[in-house]
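Residue-level listing of the chains:
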Amino acid sequence: MSKNILLYSAILIFGLIAPFVFPAFKVQLSILCVLIVLATTWNIQGGEMGYNTFGNILFYGLGMYLCASVQVGMFFPLAEWTESGGEKTFVHTPAQFFQGMAVGLVVAAVVPTIVAGLIGYAILGLRGHYFAICTLGLGVAAGEISGGIEIIGAGQGFTTPPFPEVGGLEARGEFFYFLSFGALILTFVAVRAIYSTRFRLILNAIRDNEDKAEAMGIETMKYKIIGWMVSAFFCGLAGGIMGGLVGYIDSTDVAFDGREMGVFMVLMAILGGKGTLWGPVIGATVFHIFKEGFWTFFLGWQYVALGVLIVVIVIYFPEGIMGWLREKYPEKFGEVIDEKDRKAQVELK
Amino acid sequence: MDFMVFQYPMITVQACLDGLLLGILFALIAYGMALQWGVMNIINIAQGDLVILGGYIAYFMYLYGIHPAWGVIVSPIIMYFIGVGIYKLVINKVVDRDLFISILATFGISILFMQLMNFAFGADVVLANSGYGTTMLFDNNVTLPNSKIFSAVISIVFAIGLVIYMKKSKLGRAIRATAQNSRAAKILGVDTEKVYAATFGINAALCGVAGALISITFTIHPYMGLPYTIRSFMIVIVAGLGNLPGVAMSGMGLGVFEEFADYILGTEFRIGAVFLLLVLILVYRRFKLSRKREYLK
């Protein structure tokens, strides 16, 4: 136990001093926090529940648009803002900006949760690939439809309010870093708390055999919806923060970016190891370091590399890093192995 | 939103005709998807990208001065080998695995193809001009490009040809046997690995035909693949696997739906409407099935 506390406090301290030690990497670190949040929440569906969704991007994009819209709409007419295309006709005072951000983030987290509850009731009854393709369709449909709505900028995009001029040059980066780091801590603590309850066992039962779980008297539908709502809450929050961080929202390239963010979250969770608490965190970190470190070398071939990466990971490395570690050092994961049994297995091979 | 459709009956006729001709093309793509789904139990997200790739083959023939209609012959031959290549490299490793693995792997292939086509052919919307002219109907109120009629006829010819091939030829029999029970087929001496490769190749060839026709009648663009995948998936789940008249009917129905969505909601919502329709169909299907389950209880 004390080892865990040491680890957590080390991570916490690193997180708190990181923006001051590595000031040049603030934006990268903020994006990393958001990516970890997305991978962790995807893991609730894909890893624990066995419902592989491409649709969590829906809540991410929804949160992004909602946060920015609330932040603008609280003080200025939204339609004129988007029409001016980010021209500085309206300027948020610092107080307005932070109030708007706070309310916006709450809305960005709560509304997707409600949406997830409603949609979840309709589509969580689908199984396997029907669910996967249905959620894929949802994500793309949301992108296409939001790209046609005038009030949030339609095809030309939506510029989020610029950060007010307070606290010097570094203030913007630090503000968004601590916001996303806070979201990460919140997500991790919440997910960890959830995973230590009976809820995780129920989700695993649904993954392993849904009909049997139902026969055992578990109201599977209820738990599936709750699981999705938890995901949607944190996805929306992450989306709201990311919108402010990027500063510009486009329907298909930033918000409902199924080709990039929507795939990333699946890939990160699989790379780290589905169905583990730490897997998505490790996966997201490795993926982000790889992406930031090598992306520039591909010079426009990023998506080609991404496609190859997906195929390679999915085919040759489906268990992920945690799964690999588990196979290598089973005793570290609390698995007791009967020596005789293991030998027998080796002989069989 | 405007209601021209209801005020001018000729627009309705126009939309129906366009939709039917378009739908036949969709049905051809969906037939390929149903084939591989039924035989290999794989859902190929890259289906639409194979279609677009086939379209670019025809487009390049057009650029080099060959009439693009020849693409209908050349494109499936090239696409057959590309399909077999994809099978050997990727698909044969995911055939027996979890369905999600195959969805994700083909999603990766789709992203790969999308970007490679973007590099190779540029991000412009292109079309191969066949120079077939148009037919005017009903006192010039309804315009019907001859290329659309041509594409519908060719699709029907290919679909019928494939049905006959599946019924009569040795390979067709092997494919059908593998679809019914791959283990039994293996025991009886069918080389299922070869059958799978051929199935994927045939599917890619069908996509090639459809792509060549799409490049003649409509436009192609490297990023336009995914909607074709979704359309064919939708057609297959509405019609059911192995129900060919159903595939044709639901394909045409989808075509008509799209044309009307285009007129009523506006072109910018067309793709969105397709994807929403998919979600609605799946939700309807789920409630229908859950009612059936309650009967069983």
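For the structure, check the block above.
A. Molecular detail of the overall build of chain B. Scanning chain B from N- to C-terminus turns up 12 helices and two strands. Reading the secondary structure of chain B in the N-to-C direction produces α-α-α-α-α-β-β-α-α-α-α-α-α-α. Taking 19 Å as the expected radius of gyration for a compact globule of 297 residues, we find that chain B reaches 20 Å, a close match to that expectation. Here chain B holds 297 residues, and the buried ones make up 49% of them. Contacts in chain B between residues far apart in sequence, at least 24 positions, make up 77% of those at least 6 positions apart.

B. Region of interest: the interface of chain A and chain B. The partner chain B presents 32 residues to the 32 residues of chain A that form the contact. Those elements that provide at least two residues to the side of chain A that touches chain B are α5 (94–123), α6 (128–146), α12 (261–272) and α14 (302–316) of chain A. The dominant element in the side of chain A that touches chain B, judged by the number of residues it contributes, is α6(A), at 12 residues.

C. Here's a closer look at the packing of helix α8 (residues 198–208) of chain A against helix α10 (residues 220–246) of chain A. Residue and element names in this part refer to chain A. Put simply, α8 and α10 touch, their axes get as near as 10 Å, and they point 110° apart. One way to sum up the angle between α8 and α10 is to call them roughly perpendicular. Handedness of the α8/α10 crossing: left-handed. Contacts between α8 and α10 involve F199, I202, L203 and I206 on the former and, on the latter, T220, Y223, K224 and G227.

D. Broad picture of unusual backbone geometry. Despite not being glycine, B:N41 shows a phi value in the positive range, around 55°. Within the fold, B:N41 resides in the loop between α2 (9–40) and α3 (47–63).

E. Representation of the packing of α5(A) against α10(A) in the model. All names here are of chain A. Close contact between α5 and α10 brings their axes to 7 Å; oriented N to C, the two are set at 145°. Crossing hand, α5 versus α10: right-handed. A per-class count over the contact of α5 with α10 returns 16 nonpolar, eight polar and one charged.

Procedures and definitions
- Residues numbered from 1 in each chain as written.
- Chains lettered and ligands numbered in written order.
- Predicted model: local features only at pLDDT ≥ 70, side-chain atom pairs only at ≥ 80, totals over all residues.
- Helix = DSSP H or I, 4+ residues; strand = E, 2+ residues; numbered from the N terminus.
- Rg over C-alpha atoms; globule rule 2.2 N^0.38 Å.
- Buried ≥ 20, exposed ≤ 12 C-beta atoms within 10 Å, placed from the backbone.
- Contact = placed C-beta atoms within 7 Å.
- Axes fitted to C-alpha atoms, helices over the stretch in contact; angles between N-to-C directions.
- Parallel < 35°, antiparallel > 145°, perpendicular 65-115°, else oblique.
- Left-handed = near helix turned anticlockwise from the far one by under 90°.
- Nonpolar A, V, L, I, M, F, W, Y, C, P; charged D, E, K, R; others polar.

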